[in-house]
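Here is how the chains run, residue by residue.
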Amino acid sequence: MTQDELKQAVAKAAFAYIEPRLEKDTVLGIGTGSTANLFIDCLAPVSGRISATVASSESSADRLRSHGIPVYDLNTVDQVDFYIDGADESNHALQLIKGGGAALTREKIVTAVAGEFICIADESKLVHTLGDFPLPVEVIPMARSHVARELVKLGGSPVYREGVVTDNGNVILDVFNFPIPQPLATEAAINGITGVVTNGLFALKPADVLLLGTADGVKTLFAQ
C-alpha cells in the first residue's frame, strides 16, 4: 500500500472508531494535516449527526464547513469528547511530535481539553526514539533569536521556517539533529524558555490510542 492509501485506511478506521459513539451533544476536536483532512472527508456522509466541532486550524475549519459541519470556538463549548489528529512521529508510549503544519499550539490546546485523543498515522511515523523529524517550536517573533540560542544550548540545531506565520501570528523554529530520549523533560525545558509559545512535543499529554496504518491493516495501539 502507498502512504496515501495507509492514510486513507486510518482515516476510515478513526471514523469507524467514533461513529457508534456519536451522540447528539458530542463535540469533535479536529486536527490539521493531510491525514486529518481525510478524516474530515469521512465525516461528510454523517454531517447531519454532528452538532459541533472544534478545529485546530483555520484550514481545517474551512474544510469542515465545506461539508456543512458546524465549527465552534473552543470557548463556546463545554467539552471536547474526542480529538482526532495525525502526528509527525510517535513512540511506543504514544508521545508525539506534531506541528509540521504549524498548528501545534491550537492542537495542543484542543488536546488539553479532550476526553480522548485518537491519533491516526501510517506505520512510518512509529519510532523508537523521537527526533528524526525536526521538532517545531512556536515562538513570539521578537524572541526568535533568543529562543534559537537557547535551543542550541539544549543540543539542537534550530532553523527558522521562513515565510510561515501561524494562525496565532507567531513564527516557527524547527529543531534538527535533536534526538529526544526523554520527551517529558524536553517538552518542559523548551516550554520554559522565555518567548516560546509551545513546542511540538505531545508527551505531557500523549495520545490515548494510536490507529496505525500498516501493510497488514490498521492496528490499534495503546501506550506501552
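Predicted model, so just to flag it, every value in this text is computed and none were measured. (Residues numbered from 1 in each chain as written. Predicted model: local features only at pLDDT ≥ 70, side-chain atom pairs only at ≥ 80, totals over all residues. Heavy atoms only, no water.)

Chemist: Would you explain the overall build of the protein in this entry?
Modeler: Helices and strands together make up the secondary structure of the protein, namely six helices and 13 strands. Here the C-alpha radius of gyration of the protein, 17 Å, is about what a compact globule of 224 residues would show, namely 17 Å. Contacts spanning at least 24 positions in sequence make up 73% of the contacts within the protein whose residues lie at least 6 apart. Accessible surface computed for the protein: about 9900 Å², of which carbon and sulfur atoms make up 52%. Measuring between centres, the 17 positive side-chain charges of the protein sit 2 Å from its 27 negative side-chain charges. (Helix = DSSP H or I, 4+ residues; strand = E, 2+ residues; numbered from the N terminus. Rg over C-alpha atoms; globule rule 2.2 N^0.38 Å. Contact = heavy atoms within 4.5 Å. Areas by Shrake-Rupley, 256 points an atom, 1.4 Å probe, with all protein chains shown as cover. Lys, Arg positive; Asp, Glu negative; His and termini not counted. Charge placed at Lys NZ, Arg CZ, Asp CG, Glu CD.)

Chemist: Can you help me understand a nonpolar patch on the surface in this one?
Modeler: Among the surface-exposed residues, Ile 140, Met 142 and Val 197 lie close enough to one another that they form a single nonpolar patch of about 300 Å² accessible area. Summarising the element assignment, Val 197 is placed in strand 10 (residues 196–199). The partly exposed category is assigned to Val 197, whose relative accessible area is 32%. (Patch = residues over 30% accessible without salt bridge, like charges linked within 9 Å, V, L, I, M, F, W, Y side chains within 5 Å. Salt bridge = Lys/Arg side-chain N within 4 Å of Asp/Glu carboxyl O. Buried < 20%, exposed > 50% of the residue type's maximum accessible area, 1.4 Å probe, protein only.)

Chemist: Please explain the layout of surface pockets as it appears in this structure.
Modeler: To find leftover empty space, a probe the size of one water molecule is rolled over the atoms. One number sums up the size of the largest pocket: a volume of about 270 Å³. In terms of lining residues, the largest pocket is bounded by 15 residues, among which Ala 55, Tyr 72, Asp 73, Leu 74 and Arg 106 are the most central. Every element with two or more residues in the lining of the largest pocket is listed here: strand 2 (52–55), helix 3 (58–66) and helix 4 (104–113). Tallied by class, residues from the lining of the largest pocket come to eight nonpolar, three polar and four charged. The calculated volume of the second largest pocket comes to roughly 220 Å³. Looking at the second largest pocket, it is lined by 19 residues, and the ones nearest its centre are Thr 32, Gly 33, Gly 86, Ala 87 and Asp 88. Those elements that provide at least two residues to the lining of the second largest pocket are helix 2 (34–43) and strand 6 (114–122). Residues of the lining of the second largest pocket, tallied by class, amount to four nonpolar, eight polar and seven charged. (1 Å grid on protein atoms, 1.4 Å probe; cavity = no way out; pocket = protein on both sides within 12 Å on 5 of 7 lines; lining within 4 Å. Points joined across faces, edges and corners; volume = space filled by probe spheres on them. Nonpolar A, V, L, I, M, F, W, Y, C, P; charged D, E, K, R; others polar.)

Chemist: What should I look at first to understand the environment of Asn 177 in this one?
Modeler: Among the secondary structure elements, Asn 177 is positioned in the loop between strand 9 (171–176) and helix 6 (183–191). Taking C-alpha positions, Asn 177 is 8.9 Å from Phe 133, a pair spaced 44 residues apart along the chain. Not counting residues up to four positions away in its chain, the partners in contact with Asn 177 are Gly 155, Gly 156 and Ser 157. Of the polar contacts made by the side chain of Asn 177, one reaches the side chain of Ser 157; its length is 3.4 Å. (Polar contact = N/O pair within 3.5 Å; in protein donor to acceptor, adjacent residues only side chain to side chain.)

Chemist: What should I look at first to understand the pattern of salt bridges in this one?
Modeler: Side chains that differ in sign of charge can pair as their charged atoms come close. Summed over the entire model, instances satisfying the criterion amount to eleven salt bridges. A salt bridge links Arg 65 to Asp 62; the shortest N-O distance between them is 3.5 Å. Separated by three residues within a single helix, Arg 65 and Asp 62 lie in helix 3, roughly one turn from each other. Look at Arg 65 and you get partly exposed, because its relative accessible area is 45%. For Asp 62, a relative accessible area of 47% translates into the label partly exposed. Among the charged side chains, a network of salt bridges with common partners joins Asp 85, Lys 98 and Glu 107.

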